[in-house]
Amino acid sequence: MPKTAKVVNRREFLKSSSGVALFIGVSGILPQLISCKDVKAMRNQLKQHQLTAWVHLNEDGEITIYNPAAEMGQGSMTSLPLLFAEEMDADWSKVKVEFSPQVAEIYGGKGWAPDSKLMFTVGSRTTNSYYHTMRKAGAQARYVMLNSAAKHWGVPISELTTTASTVFHKKTKKEIRYGALVPFLVLTEELPDFTFEQLKHPKDFRLVGTDIPRTEIPSKVNGKAQFAIDIRLPDMVYGVLERGKRHGARPTLLNEAEILAQDGVLKTIPYAYAIGIVANTLEQALAAKRLLKIDWSASDASGFNSQEVYEAYDKIAAQQETGKVVVEKGDIGNAMRKASKTFTSDFKNDYIYHAQLEPLNAVIQVAEDLESAAVWVGSQQGFDTKLGVPDILGISPEKVTVHLHYLGGGFGRRSMNDFVEECAVLAKEMAPRPVKLIWTREDDVTHGAFRPISLQRLNVYLDAKGQLDGFSHMVVGDGGNLVASGVHNDYYAIPNQFAEWREISHGVRLKHWRSVGHGPNKFAIECMLDEVAMDQGMDPVALRRTLMANSPRALATLEKVVELSDWNGSIAQDRAKGMAFVEHGSLGTGVCEISVDTATGKIKVHHFWIALDAGVIVQPDNVKAQMEGGIIMGMSSVLNERITIKNGEVQQSNFHNYPLLRMEDVPDSIETALITSSEIPEGVGETATPMVAGAIANAFLKLTGKKLRHLPFTPERVLEVLNG
Amino acid sequence: MATYSLNINNEQHTFEASEGTSLLWILREHLGLTGTKYGCGIAQCGACTIHVDGTPVKACMLQVQNFGNGQKITTIEGLSENADHPVQKAWIEVQAPQCGYCQSGQIMQAAALLKEDSQPSREKIKSYMNGVLCRCGTYLRIIDAIELASSKKPLT
């Protein structure tokens, strides 16, 4: 990317010909021309002719499309460029994909604040937020090709058509490949600002909706895919930190001299919550870390015992005073007063940890004068595209270059900058030597940022006719939206709804975890519905069918999954099916089939079926992969996972005591039916995971008549419920 | 520090390291064979699975001084000439990876399985592969890929 941009007019651009690149901002109508007097240097910098900020095209017809989103396995490296290529009418076999530079002004998606732009890959927003942007940019690139061919042939642009990187003029039977057009490219003063309606209708898509292999997969089967942890630079040194098991505790290093005397140790660096060590090799840094003698202070987490805290939650739930109101529809008080029947249930969930398989890490090199830095990282980015590094170094964001790498899992953990900031501190100390900071798995677990523990108290009111008239949902827990997301029931026709959040804090680090509050809250909501259905002698499908009467898209997923799972078919006596509906951008209904080993308390999930409406499906097979992964991760968290805290200290440290689901426990099948739609695509990464708890608990209720109300459903807890 | 000479992917690598250094750090940080991944350091996740004389082992548990006697070490980089091992081809065919971080370990374990049993049952696959974790949840596709690679059907 040229460092100094200067706007020039079109004539000036044409005079200097290929020594100029054309950039089109995301929403910019005017193409911004960036001039460089040194044509040679410019050529070297850009290497190829750059059509727009989103694409390069060379004479061989090779098209390089920039992907602005992080790739953590969700397929952005294919889905976003595919949207661009669709509108450009590019020959996909000639397309190469690269990460875009980290420049939010050009490549950012819609931020939270109005008119703001951010580069971040969170909340399953990628495809949805870039759907129009990528297509418009692709259509503009196609327009450049069309306009250039029209001028080249001296024919009206309206008579031209395109397909697979070729422009056609039917009347004269002329055709030219995009690559061959490169010497004849001309630019207009303005590019059309394609509106949604001017883009292709989904029925005319040639690439979108077909199963195109993911572009980065070949590099993930031969060991070549570069994660940040794989970066090695000349003269690089290694950093590790000891952070302690009690979040917020302050360290006092008791044996600094001994540590500094260790082989290869270059420096110890104190942090407010940790002691850092830099050494020549990773093994030296780790060996020194094991020798650290540290006195840890008390912290806000001192005295906190996570397994004994529900009593306190119960007291908060019993208080008269209402918390922060999140949903208020109709008159819940009236529904309560005139209720013919009331149901009350509590639901609980323990802390869980992200367990992304690539431990947190970063490589940073700060220049000798401390005035600039380069960062190699796998990040979901965040509110600061430069990941907090400029603030640490006291330099402007332009002075920080971020090289984004594949993420060995994100799940929300990599939208936090703590690990990058830690590395920046070390790199500043060691400048100009590059520093690779690695969190051990033990660091990653004990200093995790967890999905919060919470309590949900649900009250459901039936009216005189036995109709579901009121639904009240109270969440008690830490972290606001981290516990309160997913309490809305926008697709259920319940006239009176109320949801509130009541706060309690324990000084434990918290973070978004795939699907956030939807996990615990959908568990509570969907279980509550089956509890009502069972009491009323209704089939869970019949109850949801009534509730979804005004939501045809949600209802379609219900009907489809009933068919796919053969809901009404016969089933082995020791098995049962259960269902759950989830909205998380996309809408999905899931059904599972389970059995329970009544001797051990182990739940076995045999099958999972999902019907999903996610609007336009860009890559059908990839969406199915997201459903499969979402269900497996959901099963892992629902059946196995919990972080416990004793006197403020995290009790788990690695996969031996934080067990993830292994292959022996996978279902026989996970089948997904995708509903055909031409609506705007909605996120799919977090819709499957929150189905799991409700579907399993509802199947368990049908099978045993007993209620699972506390996540995770470990064998001990299941036995307790069975014998209770 | 001592000098070691290891046979890795049919090449002799000579380097200096301290006794006791794990083979994982040697491969990744000393020699740049970064396809083998660090996930847990205690043989719980299998991301660092390599072959020593054809047997799948976890590199994080091995120490450099025990492998200088001509043992043949194979990493993902040396599994095949052009990433064309039947397992690798099947992996692409079924689009198994998501984030991809665990997949080197999965592939090395699967390649060893098929060498031992060219037609493993589904139960055998599950038990043989059970030590390799995948957080993205690609297990079902991994099973599909192994079954595909084990079938007589030629791969496209």
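These numbers were taken from a predicted model, which means no experiment stands behind them.

### Considering the overall build of chain A
Move 1: The number of helices and strands found in chain A is 20 helices and 32 strands.
Move 2: Computed over C-alpha atoms, the radius of gyration of chain A comes to 28 Å, within 12% of the 27 Å expected from 2.2 N^0.38 for 724 residues, which places it in the range of a compact globule.
Move 3: Taking the principal axes of the C-alpha coordinates as reference, chain A spans close to 85 × 75 × 45 Å.
Move 4: Among the 724 residues that make up chain A, the fraction classed as buried is 61%.

### Re the overall build of chain B
Move 1: In terms of helices and strands, chain B carries 5 helices and 5 strands.
Move 2: Its C-alpha atoms give chain B a radius of gyration of 16 Å, within 12% of the compact-globule value 15 Å for 156 residues.
Move 3: Taken along the three principal axes of its C-alpha coordinates, chain B extends 50 × 30 × 25 Å.
Move 4: Here chain B holds 156 residues, and 59% of them are scored as buried.
Move 5: The long-range fraction of contacts in chain B, counting pairs at least 24 apart against all pairs at least 6 apart in sequence, stands at 54%.
Move 6: A total accessible area of about 5,800 Å² is found for chain B, and carbon and sulfur atoms account for 46% of it.
Move 7: The average position of the 13 basic charges and that of the 14 acidic charges among the side chains of chain B differ by 9 Å.

### Remarks on the packing of helix H18 (residues 620–639) of chain A against helix H19 (residues 691–704) of chain A
Residue and element names in this part refer to chain A.
Move 1: Where H18 meets H19, the axes come as close as 8 Å, and the angle between the chain directions of the two elements is 60°. The crossing of H18 and H19 is right-handed. Facing Ile 631, Gly 634, Met 635, Val 638 and Leu 639 of H18, the residues of H19 in contact are Val 692, Ala 693 and Ile 696.
Move 2: Split by residue class, the contact of H18 with H19 holds 7 nonpolar, 1 polar and no charged.

### Some thoughts on the nonpolar core
Move 1: Val 167, Ile 603, Ile 696 and Phe 713 of chain A together with Trp 91 of chain B are the most contacted members of the largest nonpolar core, which totals 232 residues.
Move 2: With 10 residues, the top contributor of residues to this core is helix H5 (residues 126–153) of chain A.
Move 3: Not counting chain neighbours up to four residues away, the residues in contact with Phe 713 of chain A comprise Phe 523, Ile 603, Val 638, Leu 639, Ala 693, Ile 696, Ala 697, Leu 708 and Val 718 of chain A.

### Digging into the domain arrangement of chain B
All names here are of chain B.
Move 1: Taken domain by domain, chain B comprises domain 1 (2–78) and domain 2 (86–152).
Move 2: Once you take the C-alpha centre of each, domain 1 and domain 2 turn out to be 22 Å apart.
Move 3: Tallying the contact residues gives 16 residues for domain 1 and 14 residues for domain 2.
Move 4: For the pair domain 1 and domain 2, the summed buried surface comes to about 1,200 Å²; carbon and sulfur atoms form 60% of the total.
Move 5: Contact with domain 2 buries area across many residues of domain 1, yet Thr 49, His 51 and Ile 76 alone supply 37% of it, more than any other trio.
Move 6: Our enumeration of links across domain 1 and domain 2 arrives at 0 salt bridges.
Move 7: Our count for the contact surface shared by domain 1 and domain 2 stands at 4 residue pairs in polar contact (both at pLDDT 80 or more).
Move 8: Listing elements by their share of the side of domain 1 that touches domain 2, those giving two or more residues are strand S3 (49–52) and strand S4 (55–58).
Move 9: Here the side of domain 1 that touches domain 2 takes 3 residues from S3, the largest share from any one element.

### Concerning the interface of chain B and chain A
Move 1: With 50 residues of chain B at the contact, the number on the chain A side is 64 residues.
Move 2: With both chains or domains summed, chain B and chain A bury close to 4,700 Å², and 57% of this area falls on carbon and sulfur atoms.
Move 3: Per-residue buried area on chain B facing chain A is highest for Glu 29, Gln 98 and Arg 135 of chain B; these three make up 18% of the total on that side.
Move 4: Our count for the chain B to chain A interface comes out at 6 salt bridges.
Move 5: With a shortest N-O distance of 2.6 Å, Lys 37 of chain B and Asp 230 of chain A are connected by a salt bridge.
Move 6: On the surface where chain B and chain A come into contact, there are 30 residue pairs in polar contact (both at pLDDT 80 or more).
Move 7: If you list the elements that add at least two residues to the side of chain B that touches chain A, you get helix H1 (23–30), helix H2 (86–93), helix H3 (103–116), helix H4 (122–129) and helix H5 (139–150) of chain B.
Move 8: Here the side of chain B that touches chain A takes 5 residues from H5 of chain B, the largest share from any one element.
Move 9: Split by residue class, the side of chain B that touches chain A holds 26 nonpolar, 16 polar and 8 charged.

### Comments concerning the sheet that holds strand S2 (residues 11–17) of chain B
Residue and element names in this part refer to chain B.
Move 1: Here 5 strands make up an open sheet; going across it, the order is S2-S1-S5-S3-S4 and the pairing mixed. Strand pairing shows two members of the sheet lacking a second neighbour, S2 and S4, which therefore form its edges. Averaged over all adjacent pairs, the angle separating strand axes in this sheet is 40°, with direction ignored.
Move 2: Packing against the sheet, H1 makes contact with strand S1 (2–8), S2, S3 and strand S5 (72–74), and its axis sits at approximately 100° to S2.

### Overview of the domain arrangement of chain A
All names here are of chain A.
Move 1: Domain annotation of chain A identifies domain 1 (10–213), domain 2 (231–299 + 354–446) and domain 3 (309–343 + 450–723).
Move 2: Opposite the 14 residues of domain 1 that make contact, domain 2 presents 15 residues.
Move 3: Contact with domain 2 buries surface across domain 1, with Met 72, Phe 99 and Gln 102 losing the most and accounting together for 45% of the total.
Move 4: Taken together, domain 1 and domain 2 are joined by 0 salt bridges.
Move 5: Inspection of the region where domain 1 meets domain 2 yields 3 residue pairs in polar contact (both at pLDDT 80 or more).
Move 6: Split by residue class, the side of domain 1 that touches domain 2 holds 11 nonpolar, 2 polar and 1 charged.

### Here's the deal with the packing of H2 of chain B against H3 of chain B
Helix-helix packing: each pair is described by the crossing angle between the helix axes and the interaxial distance.
All names here are of chain B.
Move 1: At a closest axis distance of 9 Å, the pairing of H2 and H3 adopts a crossing angle of 125°. As the angle between them shows, H2 and H3 are arranged oblique. Two packed elements cross with a definite hand, and for H2 against H3 that hand is right-handed. Contacts from Val 87, Gln 88 and Trp 91 of H2 reach H3 at Gln 103, Gln 106, Ile 107, Ala 110, Ala 111 and Leu 114.
Move 2: Here the contact of H2 with H3 is built from residues that sort into 6 nonpolar, 3 polar and no charged.

Rules used throughout
- Residues numbered from 1 in each chain as written.
- Chains lettered and ligands numbered in written order.
- Predicted model: local features only at pLDDT ≥ 70, side-chain atom pairs only at ≥ 80, totals over all residues.
- Heavy atoms only, no water.
- Helix = DSSP H or I, 4+ residues; strand = E, 2+ residues; numbered from the N terminus.
- Rg over C-alpha atoms; globule rule 2.2 N^0.38 Å.
- Buried < 20%, exposed > 50% of the residue type's maximum accessible area, 1.4 Å probe, protein only.
- Contact = heavy atoms within 4.5 Å.
- Areas by Shrake-Rupley, 256 points an atom, 1.4 Å probe, with all protein chains shown as cover.
- Lys, Arg positive; Asp, Glu negative; His and termini not counted.
- Charge placed at Lys NZ, Arg CZ, Asp CG, Glu CD.
- Axes fitted to C-alpha atoms, helices over the stretch in contact; angles between N-to-C directions.
- Left-handed = near helix turned anticlockwise from the far one by under 90°.
- Nonpolar A, V, L, I, M, F, W, Y, C, P; charged D, E, K, R; others polar.
- Core = buried A, V, L, I, M, F, W, Y, C linked by side-chain atoms within 4.5 Å.
- Domains from an automatic or database assignment.
- Buried area = accessible area lost by both parts, 1.4 Å probe.
- Salt bridge = Lys/Arg side-chain N within 4 Å of Asp/Glu carboxyl O.
- Polar contact = N/O pair within 3.5 Å; in protein donor to acceptor, adjacent residues only side chain to side chain.
- Pairing = 2+ DSSP bridges.
- Parallel < 35°, antiparallel > 145°, perpendicular 65-115°, else oblique.

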